[in-house]
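Survey of secondary and tertiary structure
For reference, the chains in residue letters:
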Amino acid sequence: MADAPPDRLLSVDEHRDRILASIRSLTDFPQPLMEALGLPLVEDVVAEVALPSFDNSAMDGYAVRHADVAAAGEGSPVHLPVVGEIGAGQGGPTQLAPGTAAKIMTGAPVPAGADSVVPYEWTDRGAETVRIDRAPAPGQHIRPEGDDVAVGDVLVSAGTVLGPRHLGLIAAAGRATVRARPRPRVVVLSTGSELRDPGSALDADSIYDGNSFLLAAAARRAGAIVYRVGIVPDHPGEFLDALEDQLSRADLVVTSGGVSQGDFDVVKAALAPLGVWFGGIRMQPGKPQGFGHVGERQIPIFTLPGNPVSSYVSFEQFVLPAIRKMMGRTPYVRPTVAARLTRAISSPEGRRQMVRAEVGVDASGVYAAPVGGHGSHLIGDLASSNALVVVPDDVTEVAAGEQVQVLRLDEEF
Ligand SMILES: Nc1nc2c(c(=O)[nH]1)N[C@H]1C(S)=C(S)[C@@H](COP(=O)(O)OP(=O)(O)OC[C@H]3O[C@@H](n4cnc5c(N)ncnc54)[C@H](O)[C@@H]3O)O[C@H]1N2
Ligand code: MOO
């Protein structure tokens, strides 16, 4: 990244493409099923057992031979001796002789020789002998082996993002682990001597650290394992010590603050000498950015601007795609959807503006209602929004009623 001239503003796409080109997907390994929820599968999971794995009863009742009960009907019951009881997982007869019945419970294996099940409701529930008032059809109330899944079937194919139903099936087929890439471990640091932890007292010139929570929550929502380290003061030595301490457990580091032109811009001061790139992006908010690789393991580090909305928008544009690439989740970049703008907005020339908005559906379709002003400190407006309207670099005015592209921030993709 060090080759990008610091004085030329990069487009959002240029910056993101350069980042993604330098990010490697993490190596997959067998993971316990619950760890794999929400991760893309790296293998085809193939059934090693059939489902059901044996013929079993769909009802509590009696296993019978159809030929023995075919004549049963109203006013002409059939009586059969009951030779035993088969409960699910409880053992019991595995063979049924002609002219007999065995009690059988839902899920229990049908004994060889039986071909139908008579539900309790069609009988007198006898223990020694049973009276059968109605005949099942041949095969009725039996769930045949392999009815659902055959040995060799692909249960879930590579690339599928594992959800509850996939995990249920994989477990039902007897697999305890699946190959998936691990969740990236993301370290989040906030810089700024003015910052205090929520819950502590404020001085006249201090503020609460919202950003580390904003970014850590966004990273966790993206699927990462997050270490929210919290606040580091504006001192390059302390910043580098804090970073060094964290690198051993990080796959990716995100910082906020200290990257613009100020006299105390700690992140830039500490990392520029290590070869981390700092420069401007044609995006508003989120112009000042830094990106590079640090430490022996060359961990990617995103140094996001400190203004809360800038930080969040930068995360969405640059960090989220990187986390997804590490996990192997595609698409890396959130797709935009079309919406109708409810009021006119203006945008600076030559910058891709990301306008906070509330997206919803009314009688005319999907709308995007801009929320609040442009200021990148307006975290109240950010929290009232669920979308960003993307105003292209060369557009300076968009009229009410025009179609725009929006990023729906709370949608899975
Ligand atoms: N002379 C210039 N000044 C600034 C420029 C510029 O181009 N020339 N760019 C502005 C833009 S745009 C942004 S964005 C900010 C980015 O500045 P930094 O990344 O150095 O961030 P800080 O100065 O540390 O903080 C900015 C702002 O955000 C508040 N902040 C910081 N961290 C947190 C946190 N964890 N939680 C809540 N709020 C936080 C901080 O107090 C400042 O108010 O630079 C402009 N300046
Ligand atoms: O780009 Mo700054 O991020 O406009 O506030």
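Residues numbered from 1 in each chain as written. Chains lettered and ligands numbered in written order. Predicted model: local features only at pLDDT ≥ 70, side-chain atom pairs only at ≥ 80, totals over all residues. Heavy atoms only, no water.

Remarks on the site of ligand 1
Lining the immediate surroundings of ligand 1 are 22 residues, of which Glu194, Asp209, Val259, Gly306 and Asn307 lie closest. One nitrogen or oxygen atom from the side chain of Asp209 is found 2.9 Å from a nitrogen atom belonging to ligand 1. Between an oxygen atom of ligand 1 and a main-chain N or O atom of Asn307, the distance comes to 3.3 Å. Considering ligand 1 on its own, with 860 Å² of exposed area, one finds that the protein chains cover 67% of that surface. Secondary structure elements with two or more residues in the shell around ligand 1: β12 (185-191), β14 (207-208) and α7 (308-327). Class assignment for the residues of the shell around ligand 1 results in 7 nonpolar, 12 polar and 3 charged. (Near = heavy atom within 4 Å. Polar contact = N/O pair within 3.5 Å; in protein donor to acceptor, adjacent residues only side chain to side chain. Areas by Shrake-Rupley, 256 points an atom, 1.4 Å probe, with all protein chains shown as cover. Helix = DSSP H or I, 4+ residues; strand = E, 2+ residues; numbered from the N terminus. Nonpolar A, V, L, I, M, F, W, Y, C, P; charged D, E, K, R; others polar.)

Some words on the nonpolar core
One broad rule of soluble globular proteins: the nonpolar side chains tend to lie buried together. Judged by nonpolar contacts, the single largest core of 43 residues is most densely connected at Val186, Leu252, Phe302, Phe315, Val319 and Ile323. Of all the elements, α7 adds the most residues to this core, at 11 residues. Mapping this core onto the domain boundaries places at least three of its residues in each of domain 1 (12-27 + 182-327) and domain 4 (336-408). Contacts of Phe315, omitting those with residues within four sequence positions, involve Leu215, Ala218, Ala219, Leu304, Leu320, Pro321 and Ile323. Formed by 19 residues, the second largest nonpolar core is a distinct cluster that contains Leu247, Val259, Leu271 and Val294. (Core = buried A, V, L, I, M, F, W, Y, C linked by side-chain atoms within 4.5 Å. Buried < 20%, exposed > 50% of the residue type's maximum accessible area, 1.4 Å probe, protein only. Domains from an automatic or database assignment. Contact = heavy atoms within 4.5 Å.)

Some remarks on the confidence of the model for the chain
Residues of the chain with pLDDT of at least 70 account for 99%, and the chain-wide mean is 96. For this predicted complex, the interface score ipTM comes out at 0.98, while the overall pTM is 0.93. (pLDDT = per-residue confidence, 0-100.)

Looking at the site of ligand 2
Around ligand 2, the neighbouring residues are Gln284, Pro285, Gly286, Lys287, Pro288, Asn307, Ser310 and Ser376. Within the backbone of Gly286, a nitrogen or oxygen atom sits 2.6 Å from an oxygen atom of ligand 2. Ser376 is positioned with one of its side-chain polar atoms (N or O) 2.4 Å from an oxygen atom of ligand 2. For the shell around ligand 2, the class distribution of residues is 2 nonpolar, 5 polar and 1 charged.

Brief notes about the pattern of salt bridges
According to the stated counting rule, one finds 14 salt bridges in the structure shown. Arg352 serves as the salt-bridge partner of Asp13, at 3.1 Å between the closest nitrogen and oxygen. Of this pair, Asp13 sits in helix α1 (residues 12-22) while Arg352 sits in strand β23 (residues 352-362), and the two are 339 residues apart along the sequence. Where salt bridges share partners, they join Asp13, Arg16, Arg282, Arg352 and Asp393 into one cluster. (Salt bridge = Lys/Arg side-chain N within 4 Å of Asp/Glu carboxyl O.)

Focus: the pairing of strand β20 (residues 299-304)
Counting buried positions over the 6 residues of β20 gives 6, a clear majority of the element. Neither face of β20 is exposed, since Ile299, Ile301 and Thr303 on one face and Pro300, Phe302 and Leu304 on the opposite face are all buried. Where strand β16 (residues 252-256) lies against β20, 4 bridges are found, and the strand directions are parallel. Counted as the bridge partner of Ser256 is Leu304 from β20. As paired elements, strand β19 (residues 288-294) and β20 share 5 bridges and run antiparallel to each other. Considered in β20, the bridge of Phe291 is made with Phe302. (Pairing = 2+ DSSP bridges.)

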